[in-house]
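Fold and geometry: a report
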Amino acid sequence: MIQRHQRIVFWCLVVCILGMGVLLAVGRQRGRERIAALADDDQTPLDAPTAMAETVTLELANDADGSIAPASRQIALPEEPNARARALIDHLVAEYALPGSAHALPPGAAVAEVFLVPLPLVGYTTDSTSSATKDGGFRPTVPVGQTDPDPVQPKQLGGELAVIDLHSTFVNQHPSGVEVESLTLRSILGTLHANLPQIEQVRFLVDGQARETLAGHSDLLRTYPAADTTSGAGAANERQSN
Amino acid sequence: MIVLDPAHGGVDSGSQISETTVEKNVTLALAFRLRSLLTARGFSVVMTREEDASAVPNAAGSALTLDDRAGIANHAHAAACLVLHATRSGNGVHLYRSELEASEGQASLVPWLTAQAAWIPQSQHLESQMAAAFSRSGVGLVASTASVRPIDSLTCPALVVELAPSGDDADSINDTDYQQKVALALAGALVFWQNQVQPPARLSPPAIVAVGQATTSDAAGVQP
């Protein structure tokens, strides 16, 4: 005959075991959902920078006077150029997400990926010479740069086109207006130019697709020149106030 | 002739300026105000929309695209084209011209996406006159360049005029005195401007001589 207090202890242990099992299952499910959410947002973390922190120049916008001014920051950046460009833009946008920013932007990852493409851009076609046919009847592709009448040419040898793929979550939350959108683009262009001078031209995509405007105003379909966009550069920007 | 393009309209509300104000209504209100002042000064004014949602002529139900707006402006052969926008960021007026590099003249065949290039010097001149007018009227001004469609496709001296609040309160953008002050500065600048506008030089078309047709082209008087 099992004594009463032993039965109570036994059932208490059973309840504890079942409770822990349920907690474990719930915790596991939450972990899975968190990982799935991260995958959906494509917030893949950048490669951990292996280099020491270095001085970079961020060209920071100011909504109050429509100006862009350079600012130095100590940041550890990846060595690989594509990741380096992405990290630069992420740091720039993170700066704008700080409280009291002069050009307030929503927090969160802005860039899904940056692709650096060597210039000139050339198209490819199949080699039509009869001797080029490979086994199975396939023909290799050959560049058509020499026959393209209007290729996108570099200004200097080694010039590159940066294709910046923005997250739609960032674009959809971006403030709307000619000035605020233009400042964001100019800030990105100037920061890339200051730190990665081989980038000569920039194109923007949103979730891998071409999009007409950033938030209803600034054109995202054109190719932008990467250049010094600070307010003192050229005659592009001037301020007059009463 | 002056073309006013109150940006946005219909389902495209533009930016949310305050809880009760959207951009499309501010641009239309400013356009009506400016049209009255310009008409009183003897200008003919063409507006790309006069109601919330403008439709393509002879195609009821089709919303006006940005290219349609550029088409209306280009057919008007206007002395100036003003694309009106509004925003809650910054203060005063933001004035933008196209980011295109100026071309030497207007080619016989004008690319749609860079048609403004031939008019850049004129647009710069208009911008400096407007900047002076705003300075005189005491309205804060930021002048710069921007790539905002459809300005690159316009064949007239063209500027984007973005109205921002006069102070910290976003709703101050609806203040009638403030809008009137801005409209008066714009109208005053356009009065000075009307006698200075000069169309760009027309570039002669490049000769296209196909192999085997050189004799025919020469006979037709095609100059290289």
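Residues numbered from 1 in each chain as written. Chains lettered and ligands numbered in written order. Predicted model: local features only at pLDDT ≥ 70, side-chain atom pairs only at ≥ 80, totals over all residues. Heavy atoms only, no water.

Notes on helix α2 (residues 66-76) of chain B
All names here are of chain B.
- Of the positions making up α2, those classed as buried are Arg69, Ala70, Gly71, Ala73, Asn74 and Ala76.
- In the core, the buried residues of α2 are packed alongside β1 (2-6), β2 (45-47) and β5 (80-86).
- Positioned one or two residues after α2, His77 has a phi angle of 50°, which is positive. (Buried < 20%, exposed > 50% of the residue type's maximum accessible area, 1.4 Å probe, protein only. Helix = DSSP H or I, 4+ residues; strand = E, 2+ residues; numbered from the N terminus. Contact = heavy atoms within 4.5 Å.)

Things to note about the state of the cysteines
- Here the structure, examined in full by the defined rule, presents 1 disulfide over all chains.
- One disulfide in the model links Cys81 of chain B with Cys156 of chain B; its S-S distance is 2.0 Å. Handedness of the Cys81 of chain B-Cys156 of chain B disulfide follows from its S-S torsion of about -125°: it is left-handed. Here Cys156 of chain B lies in the loop between β7 (141-146) and β8 (158-163) and Cys81 of chain B lies in strand β5, a separation of 75 residues in the sequence.
- Given a relative accessible area of 1%, Cys81 of chain B falls into the buried group.
- When its relative accessible area of 0% is taken as the criterion, Cys156 of chain B is described as buried.
- Between Cys12 of chain A, a free cysteine, and Cys16 of chain A, which holds the nearest cysteine sulfur, the sulfur-to-sulfur gap is 6.6 Å.
- Look at Cys12 of chain A and you get partly exposed, because its relative accessible area is 43%. (Disulfide = S-S within 2.5 Å.)

Comments concerning empty space enclosed by the protein
- Counted under the stated rule, the structure contains 2 cavities of 30 Å³ or more.
- Taken as a whole, the largest cavity holds about 50 Å³ of empty space.
- As for the largest cavity, its lining consists of Val3, Asp5, Thr48, Arg69, Ala70, Ala73, Cys81, Leu82, Val83, Pro150 and Leu154 of chain B.
- Listing elements by their share of the lining of the largest cavity, those giving two or more residues are β1, α2 and β5 of chain B.
- Looking at side-chain class alone, the lining of the largest cavity contains 8 nonpolar, 1 polar and 2 charged residues.
- For the second largest cavity, the full set of lining residues is Gly66, Glu179, Ser182, Leu183 and Arg186 of chain A together with Tyr96, Val142 and Ser144 of chain B.
- Elements with a contribution of two residues or more to the lining of the second largest cavity: α4 (178-195) of chain A together with β7 of chain B.
- Broken down by element, the residue count for the lining of the second largest cavity peaks at 4 residues, all from α4 of chain A. (1 Å grid on protein atoms, 1.4 Å probe; cavity = no way out; pocket = protein on both sides within 12 Å on 5 of 7 lines; lining within 4 Å. Points joined across faces, edges and corners; volume = space filled by probe spheres on them. Nonpolar A, V, L, I, M, F, W, Y, C, P; charged D, E, K, R; others polar.)

Some details on a nonpolar patch on the surface
- A surface patch of nonpolar side chains, amounting to about 300 Å² of accessible area, comprises Val9, Leu13 and Ile17 of chain A.
- Using a relative accessible area of 52% as the deciding quantity, one classes Leu13 of chain A as exposed. (Patch = residues over 30% accessible without salt bridge, like charges linked within 9 Å, V, L, I, M, F, W, Y side chains within 5 Å. Areas by Shrake-Rupley, 256 points an atom, 1.4 Å probe, with all protein chains shown as cover. Salt bridge = Lys/Arg side-chain N within 4 Å of Asp/Glu carboxyl O.)

Considering the interface of chain B and chain A
- Counting residues at the interface gives 27 residues for chain B, matched by 26 residues for chain A.
- Counting each side, the surface lost to burial between chain B and chain A is near 2000 Å², with a carbon and sulfur contribution of 46%.
- Considering only the surface of chain B that becomes buried against chain A, Val142, Ser147 and Arg149 of chain B emerge as the three largest contributors, covering 23% of it.
- Remark: the boundary between chain B and chain A carries 2 salt bridges.
- Glu212 of chain A serves as the salt-bridge partner of Arg149 of chain B, at 3.0 Å between the closest nitrogen and oxygen.
- On the surface where chain B and chain A come into contact, there are 10 residue pairs in polar contact (both at pLDDT 80 or more).
- Elements with a contribution of two residues or more to the side of chain B that touches chain A: β6 (93-98), α3 (120-137), β7 and β8 of chain B. (Buried area = accessible area lost by both parts, 1.4 Å probe. Polar contact = N/O pair within 3.5 Å; in protein donor to acceptor, adjacent residues only side chain to side chain.)

A few points about the confidence of the model for chain B
All names here are of chain B.
- Residue-level pLDDT values for chain B average 85, and 88% of them are 70 or greater.
- A low-confidence stretch, residues 209-224 (pLDDT under 50), is modelled with 7 contacts involving residues beyond four sequence positions or located in other chains.
- For this predicted complex, the interface confidence score (ipTM) comes to 0.82, while the overall pTM stands at 0.76. (pLDDT = per-residue confidence, 0-100.)

Overview of the confidence of the model for chain A
Residue and element names in this part refer to chain A.
- Looking at chain A as a whole, the pLDDT averages 83, with 76% of positions reaching at least 70.
- The secondary-structure element of chain A with the lowest mean pLDDT is strand β9 (residues 238-240), recorded at 42, while α4 shows the highest, at 94.
- When the criterion is pLDDT under 50, residues 234-242 qualifies, and its contacts beyond four places in sequence or with other chains add up to 23 contacts.

Considerations on the pairing of strand β2 (residues 67-75) of chain A
All names here are of chain A.
- Across 9 bridges, the pairing between strand β1 (residues 54-62) and β2 is antiparallel. By the bridge assignment for β2, Leu58 is matched with Ala71.
- Linking two consecutive strands that pair antiparallel, namely β1 and β2, is a turn of 4 residues; a positive phi of about 65° is found at Gly66 within it. (Pairing = 2+ DSSP bridges.)

A word on the packing of helix α2 (residues 81-96) of chain A against α4 of chain A
Residue and element names in this part refer to chain A.
- Packing of α2 against α4 brings their axes to within 10 Å, and their N-to-C directions diverge by 135°. When the interaxial angle is binned, α2 and α4 end up oblique. The hand of the α2/α4 crossing is right-handed. On α4, the residues that touch Ala85, Leu88, Ile89, Leu92 and Tyr96 of α2 are Ser187, Ile188, Thr191, Leu192 and Asn195.
- Split into classes, the residues belonging to the contact of α2 with α4 amount to 7 nonpolar, 3 polar and no charged. (Axes fitted to C-alpha atoms, helices over the stretch in contact; angles between N-to-C directions. Parallel < 35°, antiparallel > 145°, perpendicular 65-115°, else oblique. Left-handed = near helix turned anticlockwise from the far one by under 90°.)

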